[in-house]
Amino acid sequence: MNGAHFAFTDRWGGVSAVPYEELNLGGAVGDDPEAVRTNRELAAKSLGLEPARVVWMNQVHGAAVAEVDAPWGDRPVPEVDAVVTSQRGLALAVLTADCTPVLLADPVAGIVAAVHAGRPGMVAGVVPAAVRAMTELGAEPGRIVARTGPAVCGRCYEVPDAMRAEVAAVEPAAYSETSWGTPAVDVTAGVHAQLERLGVHDRVQSPVCTIESGDHFSYRRDRTTGRLAGYVWLD
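One numbering rule holds for all chains: residues counted from 1, following each sequence as written. The predicted origin of the model limits local features to residues at a pLDDT of at least 70 and limits the giving and counting of side-chain atom pairs to 80 or more, whereas totals for whole chains, interfaces and linings rest on all residues. Side-chain calculation: all heavy atoms of the structure are included, whereas hydrogens and water are not.

Turning our eyes to something else, we now look at the environment of A189. With respect to the helices and strands, A189 occurs in helix α5 (residues 187–198). Each residue gets one of three labels from its accessible area relative to the maximum for its type: buried under 20%, exposed over 50%, partly exposed in between, using a 1.4 Å probe on protein chains only. Residue classification places A189 among the partly exposed positions, given a relative accessible area of 23%. In this description a helix means any DSSP run of H or I spanning at least four residues, a strand means any run of E spanning at least two, and both kinds are numbered starting from the N terminus.

What follows is about the sheet that holds strand β7 (residues 111–117). Strands are labelled as partners when DSSP assigns at least two bridges between them. Spatial ordering of the open sheet is given by β3-β4-β7-β6-β8-β11, a layout of six strands whose pairing is mixed. The two strands at the open ends of the sheet, each matched to only one other strand, are β3 (65–67) and β11 (202–205). Taken pair by pair, the neighbouring strands of this sheet meet at an average axis angle of 15°, ignoring direction. As judged from the four bridges shared by strand β8 (residues 145–148) and β11, these two strands associate in the parallel manner. Considered in β11, the bridge of R147 is made with V204. The strands touched by helix α3 (residues 126–136) within the sheet are β3, β4 (82–85), β6 (100–106) and β7, with β7 carrying the most contacts at an inclination of about 165°. Every axis corresponds to a line fitted to the C-alpha atoms, with the helix fit spanning only the stretch in contact, and the corresponding angles, defined between N-to-C directions, vary from 0 to 180 degrees. Contacts are assigned to residue pairs that have any heavy atoms within 4.5 Å of one another.

So, on to the pattern of salt bridges. Between side chains of opposite charge, a pair can form when the charged atoms approach closely. Salt bridges are defined as contacts in which a side-chain nitrogen from Lys or Arg sits within 4 Å of a carboxyl oxygen from Asp or Glu. Applying the stated criterion across every chain, the model contains 10 salt bridges. Here R11 and E21 are joined by a salt bridge, their closest N and O atoms 3.6 Å apart. In this pair, R11 is assigned in the loop between β1 (4–8) and α1 (33–46) and E21 in the loop between β1 and α1, connecting sequence segments 10 residues apart. The buried category is assigned to R11, whose relative accessible area is 6%. When the shortest N-O distance is used, the salt bridge between E171 and R197 registers 2.4 Å. Linking E171 in the loop between α4 (161–170) and β9 (175–177) with R197 in helix α5, this pair joins segments that are 26 residues apart in sequence. For R197, a relative accessible area of 57% puts it in the exposed group.

With that settled, consider the sheet that holds strand β5 (residues 91–96). Strand order in the open sheet formed by four strands is β1-β12-β5-β2, and the pairing between neighbours is mixed. Edge positions in the sheet fall to β1 and β2 (54–55), since each of these pairs with one other strand and no more.

On to α5. Every helix has an expected span of 1.5 Å times one less than the residues it contains. The terminal C-alpha atoms of α5 lie 17 Å apart, and with 12 residues this matches the ideal 16 Å at 1.5 Å per residue to within 8%. For α5, the full list of buried residues reads V187, T188, G190, V191, H192, A193, Q194 and L195. We define a polar contact as two N or O atoms separated by no more than 3.5 Å, with the added condition that, inside protein, one atom must be a possible hydrogen donor and the other a possible acceptor, whereas residues neighbouring each other in sequence contribute only through side-chain atom pairs. Sitting at the amino-terminal end of α5 is D186, which places a side-chain oxygen 3.3 Å from the backbone nitrogen of T188. Trailing α5 by a residue or two, G199 shows a phi angle of about 95°, which is positive.

Let's shift gears to α3. Burial analysis of α3 places eight of its 11 residues in the buried class, the great majority of the element. Taken as a whole, α3 has its buried residues at V126, V127, P128, A129, A130, V131, A133 and M134. Turning to α3, the residues buried within the fold contact β3, β4, β6, β7, α2 (119–124) and α5. Where α3 ends, the next residue or the one after it, G138, has phi of about 115°, a positive value.

This part covers the side chain of S16. By secondary structure assignment, the location of S16 is in the loop between β1 and α1. Judged by its relative accessible area of 5%, S16 is buried. Engagement of the side chain of S16 in a polar contact is seen with the side chain of D31, the distance being 2.5 Å. The contacts of S16, once residues within four sequence positions are left out, are E21, E22, N24, D31, A35 and N39.

The subject of this paragraph is the nonpolar core. In these notes, a set of buried Ala, Val, Leu, Ile, Met, Phe, Trp, Tyr and Cys residues joined through side-chain atoms within 4.5 Å is what counts as a nonpolar core. Residues L104, V115, V127, M134, V191 and L195 are the most contacted members of the largest nonpolar core, which totals 30 residues. When residues in this core are grouped by element, the largest group, six residues, is from α3. The contact partners of V115, leaving out residues within four places of it in the chain, are D81, A82, V94, T100, P101, V102, L104, V126, V127 and A130. Listed in part, the 17 residues of the second largest apolar core include V55, M57, L90 and L103.

Listed below in structure tokens is the structure:
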């Protein structure tokens, strides 16, 4: 899309063994580090990316954003839940296994962002923080293209009633109910409502619910499991 690329993985095509089979891209879930390294290489190359040019995060369910202009290399990977860059050819990656992966791009300004929006991060405002970081680099909300990937849906994400009330007090659009009639939260709906208010109107949401899909990792379903990845980059 005008030089912007978005991609989301499923769980297949990698080398990890049970319970991380197959394409686990998360390095902090107990999988063999060599298998994760191989999986990251396989995923990057399948997208036409150089594995060393993919920027990962140390995600902590917060709202901090890091601006990057090169791979971390030997530097410590920061504890952030969004990364933003104006460097073409540098791919940004976000890991999830029920949380909402948010990929943002302003192809005209040449700025992209990858965001990890779980329930705590969505409430904390990580998505607005990422959009602000993009606009500070010259992006315009009306030009930003947003894609959200596979995530737990609002009909499956059961939470205590008090938690639903706390989330809905911050983002009413996240108020939901499970398909069996109990309190729930729809993080992706909350993310899209935030983006709409920010003026980001070009948005597409994946139809995949990670809990319902056997082709995707789900922490809430399996606990010990792998991680999916979303990638965004500009030519």
